[in-house]
Number of protein chains: 2
Amino acid sequence: MASVLSNGGDLPSKPASAGRHAGVYSEVQTSRLDHRLLLPSVLKGAAFKVVDGPGSSAAGNPDEIAKLFPNLFGQPSSMLVPADVSPFETDRKLKVGVVLSGGQAPGGHNVICGIYDYLQEKAKGSTVYGFKGGPAGIMRCKYVALTTDFIYPYRNQGGFDMIRSGRDKIETPEQFKQAEDTVTKLDLDGLVVIGGDDSNTNACLLAENFRRKNMKTKVIGCPKTIDGDLKCKEVPISFGFDTACKIYSEMIGNVMIDARSTGKYYHFVRLMGRAASHITLECALQTHPNITLIGEEVAAKKQTLKNVTDYITDIICKRSERGYNYGVILIPEGLIDFIPEVQQLISELNEILAHDVVDEGGLWKQKLQSQSQLLFELLPQAIQEQLLLERDPHGNVQVAKIETEKMLIQMVEAELEKRTSAGTYKGHFKGQSHFFGYEGRCGLPTNFDATYCYSLGFAAGALLHAGKTGLISSVANLAAPVEEWTVGGTALTAMMDVERRHGKFKPVIKKAMVELDGAPFSKFAALRDEWALNNRYISPGPIQFIGPSSYAANHTLLLELGACA
Amino acid sequence: MASVLSNGGDLPSKPASAGRHAGVYSEVQTSRLDHRLLLPSVLKGAAFKVVDGPGSSAAGNPDEIAKLFPNLFGQPSSMLVPADVSPFETDRKLKVGVVLSGGQAPGGHNVICGIYDYLQEKAKGSTVYGFKGGPAGIMRCKYVALTTDFIYPYRNQGGFDMIRSGRDKIETPEQFKQAEDTVTKLDLDGLVVIGGDDSNTNACLLAENFRRKNMKTKVIGCPKTIDGDLKCKEVPISFGFDTACKIYSEMIGNVMIDARSTGKYYHFVRLMGRAASHITLECALQTHPNITLIGEEVAAKKQTLKNVTDYITDIICKRSERGYNYGVILIPEGLIDFIPEVQQLISELNEILAHDVVDEGGLWKQKLQSQSQLLFELLPQAIQEQLLLERDPHGNVQVAKIETEKMLIQMVEAELEKRTSAGTYKGHFKGQSHFFGYEGRCGLPTNFDATYCYSLGFAAGALLHAGKTGLISSVANLAAPVEEWTVGGTALTAMMDVERRHGKFKPVIKKAMVELDGAPFSKFAALRDEWALNNRYISPGPIQFIGPSSYAANHTLLLELGACA
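Residues numbered from 1 in each chain as written. Chains lettered and ligands numbered in written order. Predicted model: local features only at pLDDT ≥ 70, side-chain atom pairs only at ≥ 80, totals over all residues. Heavy atoms only, no water.

K.L.:
Please explain the packing of aromatic side chains as it appears in this structure.
P.N.:
Note on aromatic pairs: each is described by the distance of the centres and the angle between the planes. Under the counting rule described, the total for this entry stands at 30 aromatic pairs over all chains. With 5.6 Å between their ring centres and 20° between their planes, Phe448 of chain A and Tyr452 of chain A make a pair best called stacked. Pair noted here: Phe448 of chain A and Tyr452 of chain A are both in helix 18 (residues 447-465), with a separation of 4 residues, about one helical turn. Judged by its relative accessible area of 4%, Phe448 of chain A is buried. We classify Tyr452 of chain A as buried; its relative accessible area is 0%. A ring pair is formed by Phe268 of chain B and Phe429 of chain B, whose centres lie 6.2 Å apart and whose planes are at 90°; its orientation type is edge-to-face. On the criterion of sequence distance, the pair formed by Phe268 of chain B in strand 9 (residues 266-271) and Phe429 of chain B in the loop between helix 16 (404-421) and strand 12 (431-436) is long-range, its members being 161 residues apart. Take Phe429 of chain B: its relative accessible area is 15%, and that puts it in the buried class. (Phe/Tyr/Trp six-rings, centres within 6.5 Å; stacked < 30°, edge-to-face > 60°. Helix = DSSP H or I, 4+ residues; strand = E, 2+ residues; numbered from the N terminus. Buried < 20%, exposed > 50% of the residue type's maximum accessible area, 1.4 Å probe, protein only.)

K.L.:
Would you explain the relation of the copies chain A and chain B in this entry?
P.N.:
In summary, the two copies of the chain are related to each other by a rotation about an axis coupled with a shift along it. Relative to chain B, chain A is turned by 180° and slid 0.0 Å along the rotation axis, the superposed coordinates differing by an RMSD of 0.1 Å. The transformation just described matches what one would write down for a two-fold rotation axis. Most of the interface of chain A is mirrored in chain B: 100% of its interface residues are interface residues there too. (Least-squares fit on C-alpha atoms with pLDDT ≥ 70 in both. Contact = heavy atoms within 4.5 Å.)

K.L.:
Please explain the interface of chain A and chain B as it appears in this structure.
P.N.:
Chain A puts 58 residues into the contact, and the matching count from chain B is 58 residues. Of the roughly 4500 Å² buried between chain A and chain B on both sides combined, carbon and sulfur atoms contribute 53%. For the pair chain A and chain B, the interface holds 6 salt bridges. Note that Asp258 of chain A and Arg441 of chain B form a salt bridge whose closest N and O atoms lie 2.7 Å from each other. Looking at the side of chain A that touches chain B, the elements that each hand over two or more residues are helix 1 (27-33), helix 9 (241-262), strand 12 (431-436) and helix 17 (438-441) of chain A. (Buried area = accessible area lost by both parts, 1.4 Å probe. Salt bridge = Lys/Arg side-chain N within 4 Å of Asp/Glu carboxyl O.)

K.L.:
Where do I start with the pattern of salt bridges in this structure?
P.N.:
Here the idea is simple: oppositely charged side chains can pair when their charged atoms come close. Enumeration according to the criterion identifies 64 salt bridges over all chains in this entry. Between Lys511 of chain A and Asp229 of chain A there is a salt bridge, with the nearest N and O atoms lying 3.9 Å from each other. Here Asp229 of chain A lies in the loop between strand 8 (218-223) and helix 9 and Lys511 of chain A lies in the loop between strand 16 (504-509) and helix 19 (519-533), a separation of 282 residues in the sequence. Between Asp161 of chain B and Arg260 of chain A there is a salt bridge, with the nearest N and O atoms lying 3.0 Å from each other. Remark: Arg260 of chain A occurs in helix 9 and Asp161 of chain B occurs in the loop between helix 6 (148-151) and strand 6 (165-166); the pair is interchain, linking two chains. The two residues Asp161 of chain B and Arg260 of chain A agree in class, both being buried. Connected through salt bridges with shared partners, the residues Lys306, Asp310, Asp314, Glu415, Lys418 and Arg419 of chain A form a single ionic network.

K.L.:
What is the right way to look at the side chain of Glu348 of chain B in this model?
P.N.:
All names here are of chain B. Position of Glu348 among the secondary structure elements: in helix 13 (residues 340-355). Of the side chains with opposite charge, Lys367 comes closest to the buried, unpaired Glu348, at an N-O distance of 12 Å. Within polar-contact distance, the side chain of Glu348 engages the backbone nitrogen of Gln369 at 2.8 Å. Setting aside its immediate chain neighbours within four residues, Glu348 contacts Leu368, Gln369 and Ser372. (Lys, Arg positive; Asp, Glu negative; His and termini not counted. Polar contact = N/O pair within 3.5 Å; in protein donor to acceptor, adjacent residues only side chain to side chain.)

K.L.:
Can you help me understand the domain arrangement of chain A in this one?
P.N.:
Residues and elements named next belong to chain A. When cut into domains, chain A gives domain 1 (26-240 + 445-501) and domain 2 (244-441 + 516-561). With centres defined by C-alpha atoms, the gap from domain 1 to domain 2 works out at 35 Å. Contacts between domain 1 and domain 2 engage 24 residues on the former and 23 residues on the latter. Together domain 1 and domain 2 conceal approximately 1800 Å² of surface at their shared face, both sides included; 61% is due to carbon and sulfur atoms. It is Ile226, Asp227 and Asn447 that lose the most area in domain 1 upon contact with domain 2, and together they represent 27% of the buried surface on that side. Close ionic contact of Lys231 with Glu560 constitutes a salt bridge, the shortest N to O distance being 3.1 Å. On the surface where domain 1 and domain 2 come into contact, there are 5 residue pairs in polar contact (both at pLDDT 80 or more). (Domains from an automatic or database assignment.)

K.L.:
Would you explain the sheet that holds strand 11 (residues 327-332) of chain B in this entry?
P.N.:
The strands making up a sheet associate through hydrogen bonds between their backbones, and the pairing can be parallel or antiparallel. Residues and elements named next belong to chain B. Read across the sheet, 4 strands follow the order 10-11-9-12 without closing on themselves; strand pairing throughout is parallel. Every interior strand has two partners, whereas the edge strands, strand 10 (291-292) and strand 12, have only one. One ladder, built from 2 bridges, connects strand 10 with strand 11; its direction is parallel. Note on strand 11: the bridge partner recorded for Ile291 is Ile329. (Pairing = 2+ DSSP bridges.)

K.L.:
So what exactly am I meant to see when it comes to the sheet that holds strand 11 (residues 327-332) of chain A here?
P.N.:
Judged by pairing direction, the sheet is parallel, and its 4 strands sit side by side in the order 10-11-9-12 (chain A) without closing on themselves. At either margin of the open sheet sits one strand with a lone partner, and together these are strand 10 (291-292) and strand 12 of chain A.

K.L.:
Teacher, can you tell me more about the layout of surface pockets here?
P.N.:
A water-sized probe, rolled over the atoms, reveals where empty space remains. All names here are of chain A. In this structure, the second largest pocket encloses a volume near 880 Å³. Broken down by secondary-structure element, the contributors of at least two residues to the lining of the second largest pocket are helix 7 (173-185), helix 8 (197-212), strand 15 (496-501) and strand 16. If one sorts the elements of the lining of the second largest pocket by residue count, helix 8 sits on top with 8 residues. In terms of residue class, the lining of the second largest pocket is built from 10 nonpolar, 4 polar and 12 charged. (1 Å grid on protein atoms, 1.4 Å probe; cavity = no way out; pocket = protein on both sides within 12 Å on 5 of 7 lines; lining within 4 Å. Points joined across faces, edges and corners; volume = space filled by probe spheres on them. Nonpolar A, V, L, I, M, F, W, Y, C, P; charged D, E, K, R; others polar.)

K.L.:
Would you explain the environment of Ile115 of chain B in this entry?
P.N.:
Residues and elements named next belong to chain B. Its place among the elements puts Ile115 in helix 4 (residues 108-122). Judged by relative accessible area, which is 0%, Ile115 ranks as buried. Look past the residues within four positions of Ile115 in its chain and what remains in contact with it is Val96, Val98, Val192, Gly457, Phe458 and Ala460.

So this is what it looks like as structure tokens:
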């Protein structure tokens, strides 16, 4: 293979025997295969070395983290810096495994290609194994040896179908033993875990375990999740967030033009993101909807479902006075998990449903506390029935199954009927519900995600080459041109805190929630009243891969980096 | 204003005082404003003349059409051909009204811009009025005088928000009188009606009426509908179909990659198109789903809901034997309207619900005929309840409200449970439902739709300039480069047939349904078994506006024109 790096960061050209992929490609997919990827200059150079920073602590409860990770706690983060001569053994062939863990995010394939290309370039003759179907592939030793031909059809493509992903966790002592057996059998020098907060916590536990047993296998994590809730100073963004938000924003923008053209629908759009509301906030910044609900704000203000309904209804009434009987409303998937009174109702319901008979006459409701009774009565009948009838295998109410956008439409309808009767609302209201989710998880990665992921993969390869373990691949300074991006690894233990579960401390990387004093939320909060009553819709249109705007990163990232107003 | 045509067909550049549009534009939207539009060479040339063809007849029942349109019936269609000197009075200033009628379709703004630019170029000093909110704008004489500045922000943009649309019809003698008053008041030489089959029928009735009364106002139609069901030999496609199908196909392609990556979901995707299944067929040709239901085929084969369910379930079982417990299934919005037994059940239910009490014990069901009783029992409980409870203001069952994709998921689940019990199915099934609709109606028009619409508008202007009436703007030879596209007008009466309604003959332009012996369906039918069991997914990706693939038209059009295999 021709040199990857000396080629100015170009991807290797199509191998002669490529094209064995079962799929058929569209013109756009094909055009992406040979898309020229830029690399940070430190990775493009002839050589670089790894410089360690000061010792690290933990995000919280350092004493407990130190006990949980006695072999890793306190280790420094690392930076790659240019060097005249490579300090690494370029003759040494590495054996590296890679696994995709959890839900899909655009760019995962490019991380794998980055690892592969790094090793081909800097440690020729190295081997990369792709574990199939997520962490279960490690435990069951199911893998494929990656080759130039094998990975070519996945370059710059969406999805995780190269080696698939899975949601299994390596948790029990038996499972850790299975992982040890696999990395021993394959004689792995390194393992790269591409995943979210849980998977990177797991990666750190594996790193700690391997080091404790004096095994040679090092473990490096990579930050993946469209939800955007795995990030810190050194890891400014998780990959996939950029692409997913742009796909959702395309759809939202189209629906906005539709709303303005017909003038008769309120579109209630639910967006992915069960924990944090980053996706919803980013889509709001991209499209300027009339109403946006942010879970973290609802929780901080201890809002009730009635508060939320009234907030929406008030704006609908004000808009109607201006002659606008249409609009667009964004709702994060996890909204009702943020409403304290809903949590209370659910826990009471679980208790009652486990022990009591739900009589048709409704006498059972008297067992609810008065606040929960009021809330239950406020809910639309369909939701009431869903709460009582649809339960998970443990008999618990399935909150996740509630279609929040439809529930809100019904609650707003009921409130508007009251106001119509009272003569305070004279408009007409028609709600249309949407859920944008799966469409965004597997799209073709944007130029930003494709480039970012390739660098993350390159960095992971370099960190393993340098013998590092327990770090997460970190590419930063992302508001600058790609050449100036910084590259390194952040100590996973430094990102950790503990949670008490079943009487024991468990290490966790806390999800990065929307910060109400952060730049993205502040900008949104300053503008939302203007967006509410006037129509300031922006329609971002389909993601473009060519042209001046095709490299622009998302608003959240740029605002957090102080790179745009 | 600088010459439009001498400028090689470029759009006029941004006027000095433009930018008064209330919206804020994304980079992609902005980049589209000055997108260079090509024109067929006959429209680019210095001059052209209009050549009439032979006299025409009707699509059916010519005697009745002749009676309904005594002043228009038999008139020839026209072609524009290059000429040395323009035969038109270039000094004559025209007054032309334009109206958008019915649901939105990407490209409508460009039709208006085409009319405007034609008149600015070839009949300088002409006036174009945009009627606001659809045909109601004509009846109420609500309009805006279009200017270069006013229309600029809508060039190549999606939606109908420049002048909005509406679904009102000009039907009663009073309404025809209102239309006469308006065109008289505005002294209109011409009126362009941009709409679907109904709206173009209406346009022809207006043309007939104006001619009968010796009024000077001529009427020209333009073929608009994302459903793709307004077409004939001279009008190979309605605008908006291309863009909408590409937007839906982007989403379907993403969901396919998701399905293949996770390996555990069957995605049931409902697509717009209540009458014809063109959108579903086109999306299938673009993406190669495992299962595609085409309403016209279901009707032709007189399939039952059980047949449809079994067809899906059989493929799911066969795929499961190959280890595939995932897939993608496309369903046209209007599917159940094509199933004869469902129509029968609905009509019996309407009868029973109007006159009888629906007892909880279910005795009322004995009033159903035995086939309808069986069908009713086959339906999932939620659908049964929806049929009984949700009725329109006339008390009729609301078929349109049934979420077909969710109904099919439940029916397939029930059938798979039976097969699991019988030991003939050992897979696991999880259905995910999607409806792609509003997202596609208002997207930024593709290069094809933008160019096609601009030519349609230019042609409409030219036909009015030539004094033509009762024609639909016709741009054909669309598989060739734009320069070679042919331009003309087709007699609307030639596209008409009659339907008997309330004892009277009503003129209709029959919807063009999917032809089961046509090239698009034949290609699909030849490949679908291969797509069913193997995975031949194609992910078209987001619409690109730059690059070699950005001008490719949709498969349906090219196949119908014999331009691709």
